[in-house]
Amino acid sequence: MTRLSPADLLSLGSLGIRTRRLRAALSALGIALGIATVVVVTGIPASSQQALLDELTALGTNLLRAQPAPRQEDPVLLPEASVAMVRRIAPVTAAAAVANTHVRVRRNDLLDPGHSSDITVLATTPNLLEAVNGRVQSGEFLPRPDFPAVVLGHVAAARLGIQDVGEQPAVFVGDRWFTVVGVLDPMPLAPDIERSVLVGWEAARTSLGFDGHPTVVYVKAHEESIEDVRAVLPATLYGEIPGLVQVSRPSDALAAKRATQNSYSALFLGLAGVALLVGGVGVANTMVISVLERRSEIGLRRALGATRGHIRAQFLTEAVLLSGLGGLAGTVLGAAGVAGYAALHRWPLVIPLPVLVSGVLAAFVVGAAAGLYPSIRAARLTPTRALSA
């Protein structure tokens with residue numbers, strides 16, 4: 001029996017597609033729509049989910065706050081190396097500290113030293129904004145921790161009457177002037193920082209008599225390990241009596257975020273399965289009709305010496321090529337649809353890479369499965385019966 005080479009098999013299998021281009025295009029349209037549906041029903045919910053998850057993350061789902069427990073006659077002093085100690089916990093991604101310097105801030109040195117504006121002066125480590133998801137509204141955030149400069153929280157800036165740092169205003173902190181280099185955006189996750197004036201850690205030591213012990217330690221960790229990090233934080237910060245350290249519990253938004261992820265995952269699987277099944281049925285139907293239409297061609301090939309294996313391979317290859325072309329077109333069409341829909345709603349574009357790859361592969365698999373029965377049916381036709389049809 002003569003065996004067909006891969007090149008001959010590819011040429012023979014694509015013959016029906018090349019000679020009947022309109023029919024091939026319409027046939028591939030079915031699988032293209034099926035794969036495009038898979039990409040769309042996966043990509044649009046994934047983009048929507050990511051937008052929702054980003055909003056939930058902004059609510060502090062991965063943020064913890066550790067501080068000495070309140071109402072202590074002699075509050076514990078957190079170690080000066082608290083930030084470095086917390087960073088050794090594997091799931092922690094960021095850690096920062098602030099400390100109350102117990103000095104007053106005034107708009108100028110002419111005001112009564114006893115004047116109170118309910119503004120706290122906090123010493124801060126350089127990476128505070130990273131740990132609390134903060135942003136600078138105007139200016140910059142403490143370029144040098146040892147320079148006599150301050151950054152104002154949103155509420156503190158309003159109380160001091162400073163909204164723009166373009167002219168480098170100054171405030172009187174303790175008994176000396178500090179240059180205002182920045183104003184922060186509102187920070188709902190850290191309202192105490194909104195009402196504070198922030199000073200560099202080293203500048204607070206040298207100019208304000210700060211002793212170096214943090215008052216609050218902010219910790220950001222991987223969400224899946226946030227409970228474990230919360231459990232070990234007290235012992236990490238104050239191993240002698242961990243119960244004297246209070247750690248905030250994870251945000252309720254974390255539970256909502258996890259529930260959202262689980263529900264969307266189930267939705268993706270269901271919709272993608274239905275769409276792929278519809279595409280496969282369409283290819284199978286197309287190939288059955290193709291066999292019925294081309295019985296005379298099959299009979300002529302058999303009469304000229306083609307074996308059943310040749311006929312079976314020809315139609316199976318055609319089905320796979322047809323589905324593959326439809327899968328590629330459907331993947332591109334679906335990705336374009338997701339991109340347009342996400343841009344319209346200002347969502348982040350999220351199309352899982354496995355979906356794009358598996359969409360094309362699924363098209364080939366579905367094509368092989370859908371073309372199997374028609375190819376066997378075509379191979380079983382005898383030359384006389386096929387020619388007589």
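Please refer to the structure higher up on the page.
Starting afresh in each chain, residues are numbered from 1 along the sequence in its written order. Note on the predicted model: pLDDT of at least 70 is required for a residue's local features to be given, and 80 or more for side-chain atom pairs to be given and counted; whole-chain, interface and lining totals, by contrast, use all residues. For the side-chain quantities, the full set of heavy atoms in the structure was used; hydrogens and water were omitted.

(A) Inspection of the overall build of the chain at higher detail. When you go through the chain residue by residue, the secondary structure sums to 14 helices and 11 strands. Relative accessibility decides the category of a residue: with a 1.4 Å probe and only protein chains considered, values under 20% of the type maximum give buried, values over 50% give exposed, and everything between is partly exposed. The burial tally for the chain puts 46% of its 389 residues in the buried class. The contact criterion used is simple: two residues touch if any of their non-hydrogen atoms lie within 4.5 Å. Counting only contacts in the chain whose residues sit at least 6 apart along the sequence, the fraction spanning at least 24 positions is 80%. Note on areas: Shrake-Rupley with a 1.4 Å probe; residue coverage comes only from the protein chains shown. Entry remark: accessible area of the chain is about 19300 Å², with carbon and sulfur atoms responsible for 59%. Think of it this way: any DSSP run of H or I at least four residues long counts as a helix, any run of E at least two long counts as a strand, and we number them from the N terminus.

(B) Layout of the pattern of salt bridges. By convention in these notes, a salt bridge is any Lys or Arg side-chain nitrogen within 4 Å of a carboxyl oxygen on Asp or Glu. Under the defined criterion, the tally for this structure stands at 4 salt bridges. Among the ionic pairs, D192 bridges to R65, the shortest N-O distance being 2.9 Å. Taken together, the positions of D192 in helix α7 (residues 191–194) and R65 in strand β1 (residues 63–68) put the pair 127 residues apart, joining distant regions of the chain.

(C) View of unusual backbone geometry. Positive phi values are uncommon outside glycine, yet H102 reaches one of about 60°. Backbone geometry at L142 places phi at a positive 35°, although glycine is not the residue there. By the secondary structure assignment, L142 is in the loop between β5 (136–139) and β6 (149–152). For L142, a relative accessible area of 10% puts it in the buried group.

(D) The arrangement of the pairing of β6 in detail. Side-chain alternation along β6 places A149 and V151 on one buried face and V150 and L152 on a second face that is also buried. DSSP calls a pair of strands paired once it identifies at least 2 bridges connecting them. Sheet topology note: the β6/strand β8 (residues 176–184) ladder contains 4 bridges and is parallel. Bridging from a neighbouring strand, L152 pairs with V183 of β8. For β6 and strand β9 (residues 196–200), the ladder comprises 3 bridges, and the chain directions are antiparallel.

(E) Quick look at helix α8 (residues 201–208). When α8 is considered as a whole, its buried residues turn out to be W201, A203, A204, S207 and L208. Buried residues of α8 fall within an arc of 160° about the axis and therefore sit on the same side. Where α8 is buried, its residues meet β2 (92–100), β4 (120–124), β7 (170–173), β8 and β9. The first or second residue beyond α8 is G209, which carries a positive phi of 70°. As used here, the arc is the angular range of directions from the helix axis to the C-beta atoms.

(F) Region of interest: the packing of aromatic side chains. Two aromatic rings from Phe, Tyr or Trp, using only the six-membered ring of Trp, form a pair when their centres are within 6.5 Å; if the ring planes differ by under 30 degrees the pair is stacked, by over 60 it is edge-to-face, and anything between is tilted. With the rule as written, the count across this model stands at 3 aromatic pairs. Ring geometry for W201 against F210: centres 4.9 Å apart, planes inclined by 85°, an arrangement best described as edge-to-face. A single burial state applies to W201 and to F210, both of which are buried. Only when the NZ atom of a Lys or the CZ atom of an Arg is both within 6 Å of the ring centre and within 35 degrees of the ring normal do we say a charge sits over the ring. Between the NZ or CZ atom of R176 and the centre of the ring of F178, over which it lies, the distance is 5.6 Å.

(G) Inspection of the layout of surface pockets at higher detail. Only protein atoms enter the 1 Å grid used here. Points where a 1.4 Å probe fits but cannot escape make up a cavity, open sets with protein on both sides within 12 Å along at least five of seven lines make up a pocket, and a residue lines them when an atom lies within 4 Å of a point. Grid points are joined across faces, edges and corners, and a volume is the space filled by probe spheres set on the points. Here the largest pocket is characterised by a volume of approximately 290 Å³. Taken together, 16 residues make up the lining of the largest pocket; nearest its centre are N100, H102, D211, H213 and T215.

(H) Representation of a nonpolar patch on the surface. A contiguous nonpolar patch, built from L22, L26, L29, L33 and L333 and spanning about 510 Å² of accessible area, is present on the exposed surface. Here L29 lies in helix α3 (residues 21–57). A relative accessible area of 41% places L29 in the partly exposed class. Note that patches include only residues with greater than 30% relative accessible area and no salt bridge, and the join distances are 9 Å for like charges and 5 Å for nonpolar side chains (Val, Leu, Ile, Met, Phe, Trp, Tyr).

(I) Quick peek at the nonpolar core. Nonpolar cores are built from buried Ala, Val, Leu, Ile, Met, Phe, Trp, Tyr and Cys residues. Side-chain atoms within 4.5 Å join them into one set. V150, L152, V173 and L233 are the most contacted members of the largest nonpolar core, which has 45 residues in total. Every residue in contact with V150, bar those within four places of it in the chain, is listed here: L142, V171, V173, F178, T179, V180, V181, G182, V197, L198 and V199. Counting 20 residues, the second-largest nonpolar core is a separate cluster that includes L128, A131, V151 and M187.

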